[in-house]
Amino acid sequence: MAIVTRPRILVVGAGFAGVECVRRLERKLGPDEADVTLVAPFSYQLYLPLLPQVASGVLTPQSIAVSLRRSSRYRTRIIPGGAIGVDSKAKVCVIRTVTDELIDEPYDILVLTPGSVTRTFDIPGLTDHARGMKTLAEAAYVRDHVIQQLDLADASQDPAERAARLQFVVVGGGYAGTETAACLQRLTHNAVKRYPRLDPGLIKWHLIDIAPRLMPELGGKLGETALGILRRRGIEVSLGVSVAKVSPTEVTFTDGRVVPSHTLIWTAGVAASPLMATLGCETSRGRMVVDAEMKAPGCPDVFALGDAAAVPDLAKGEEGAVCPPTAQHAMRQGKVVADNVIARIRKQPLRPYVHKDLGLVVDLGGLDAVSKPLGVELKGVPALAVARGYHWMALRTGVAKARVATNWALNAVAGDDFVRTGFQARKPATLKDFEYTDAYLTPEQIRERVERHKLREA
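Residues numbered from 1 in each chain as written. Predicted model: local features only at pLDDT ≥ 70, side-chain atom pairs only at ≥ 80, totals over all residues. Heavy atoms only, no water.

## Considerations on the overall build of the protein
Applied cut-off: Secondary structure is summarised from DSSP: a helix means a run of H or I of at least four residues, a strand means a run of E of at least two, and numbering begins at the N terminus for each. The globule rule used for comparison is 2.2 Å times the number of residues to the exponent 0.38, while the radius of gyration itself is calculated over C-alpha atoms. Burial classes follow relative accessibility: with a 1.4 Å probe on protein chains only, a residue under 20% of its type's maximum area counts as buried, one over 50% as exposed, and anything between as partly exposed. Contacts are residue-level and defined by heavy atoms, with any inter-residue pair within 4.5 Å sufficient. Under the convention used here, a 1.4 Å probe and the Shrake-Rupley method define accessible areas, while residue burial counts only the protein chains that appear. For the charge count, each Lys or Arg is scored as positive and each Asp or Glu as negative, with His and the chain ends excluded. Taken as the charge location is NZ of Lys, CZ of Arg, CG of Asp or CD of Glu.
Within the protein, the regular secondary structure consists of 12 helices and 24 strands. Expected size for 458 residues packed as a compact globule is a radius of gyration near 23 Å; at 23 Å, the protein falls within 12% of this value. C-alpha extents for the protein along the principal axes are approximately 85 × 50 × 40 Å. For the protein, the residues scored as buried account for 51% of the 458 residues in total. Contacts spanning at least 24 positions in sequence make up 69% of the contacts within the protein whose residues lie at least 6 apart. Summed over all atoms, the accessible surface of the protein reaches about 20,900 Å², with 55% contributed by carbon and sulfur. In the protein, 58 side chains carry a positive charge and 49 a negative one; their mean positions are 5 Å apart.

## Thoughts on the sheet that holds strand β21 (residues 309–310)
This is how it is decided: We treat two strands as partners when DSSP finds at least two bridges between them.
Strand order in the open sheet formed by three strands is β18-β19-β21, and the pairing between neighbours is mixed. Each edge of the open sheet is held by one strand with a lone partner, namely β18 (283–284) and β21. Pairing of β18 with strand β19 (residues 287–289) involves two bridges; the strand directions are antiparallel. Paired with T283 across the bridge in β19 is M288.

## Section: the sheet that holds strand β11 (residues 204–209)
Here is the rule: Interaxial angles span 0 to 180 degrees and are taken between N-to-C directions of axes, which are lines fitted to C-alpha atoms, for helices over the stretch in contact.
One open sheet holds the four strands; their spatial order is β12-β11-β10-β16, and the pairing between them is parallel. In this open sheet, the two edge strands, each paired with only one partner strand, are β12 (236–239) and β16 (263–266). Here the strands of the sheet are splayed against their neighbours by 15° on average, with no regard to which way each runs. In this fold helix α4 (residues 136–155) packs onto β10 (167–171), β11 and β16, with an angle of close to 155° to the strand it touches most, β16.

## Considerations on the pairing of strand β8 (residues 109–112)
Across the two faces of β8 the burial is the same, with I109 and V111 and L110 and L112 all buried. Sheet topology places strand β1 (residues 8–12) next to β8; four bridges connect them, and they run parallel. Within the sheet, the bridge partner assigned to V11 lies in β8 and is V111. Pairing of β8 with strand β20 (residues 302–304) involves three bridges; the strand directions are parallel. Within β20, the position partnered with V111 by the bridge is F303.

## Looking at helix α8 (residues 327–345)
Since the α-helix turns once every 3.6 residues, residues separated by three or four places project in the same direction. Filter applied, for reference: Multiplying one less than the number of residues by 1.5 Å gives the expected span of a helix.
Between its first and last C-alpha, α8 extends 27 Å over 19 residues, near the 27 Å set by a 1.5 Å rise per residue. Positive phi appears at K347, one or two residues downstream of α8, with a value of about 60°.

This is the structure in structure tokens:
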């Protein structure tokens, strides 16, 4: 008598794409139609666009970490860890758990949404001394570190050390870097009032980017507006410039300038998760090449989406156009992939992904913002209302919305706090401490591991 088993759906990653996919699967699949498993290092979805506001203390970390277990229809099994390799022929995913145990997880349908990692270059000292802004822990560390520099500068008797600790360098003129520099500059500007021994004129923020324009996706006019806001605040913006080398006490720019500084925050773009290279499928700049239904050609029953996939942008109508790695695309791709997975199980036709970009929003802290919703250029308070309204609506749960709204209101009324948590003080928290890009297996290592597992079971 044949034993009928439910299809095993394995979703890798709990970002915007992965969570939207899982939630839709839970809502639309019957309890006996399939088993759903999610691989994620943490049991929350991080609302990444608001990370600079956590670093600056406007929002608490918990307010943008949306629990995965709040769903009333929750029935997904969560494996706490990260996928480090996939054998698409044997349909096995190799997972490293948070306790460093390696497990082989079989699947019938695989949904890959592992996201991205910080893009770095072979710059001397970069990974040893730079700090990132990609995770919740990194944002908390950056906040502690920046306030720590004020404390140490205030206590120092050496004018050179004091000046070096009050210079901060942010690399990356995209949204993450611009918002990080703007929000943290505002934090230090307000904090220095509580340090009467410090000269406010010594606090200097540098924002540099190799590109010729700041946030080019906004267009020339709004980009110039944002640039003007930053420079009026005293942030020194240098375009066409990058980092040549980094040491614990100084940063050397490619134009020859040497800035005495103990703080380098690296936000110079992202790269697709190295997981995508382990499948042996076609990639484009590290992102897995998929069709309009987000299926991976050559990898049976594998879907890929989000930052790690080159999803065709059919709404643009341009040959070869792919969707940008933004939250609004990832969330919508997650829903379409969930529908396509269900259609595959029910033997129904799949549908392509089509979404017209809704625009971009940039919150620069305080009352400063620039936004371009549906092509309409806004700045100041109207842009701020659109930016915060968009982020607030995009938060997945009512609890998260309540926390964020309360934090915004409290910050507007009571101002900033300048407290270090302290438990992070003796940890380095540099890029190499958070980016485990050396943990992934090669296709050969994956096949060898899977074959050994089959022999043990035989």
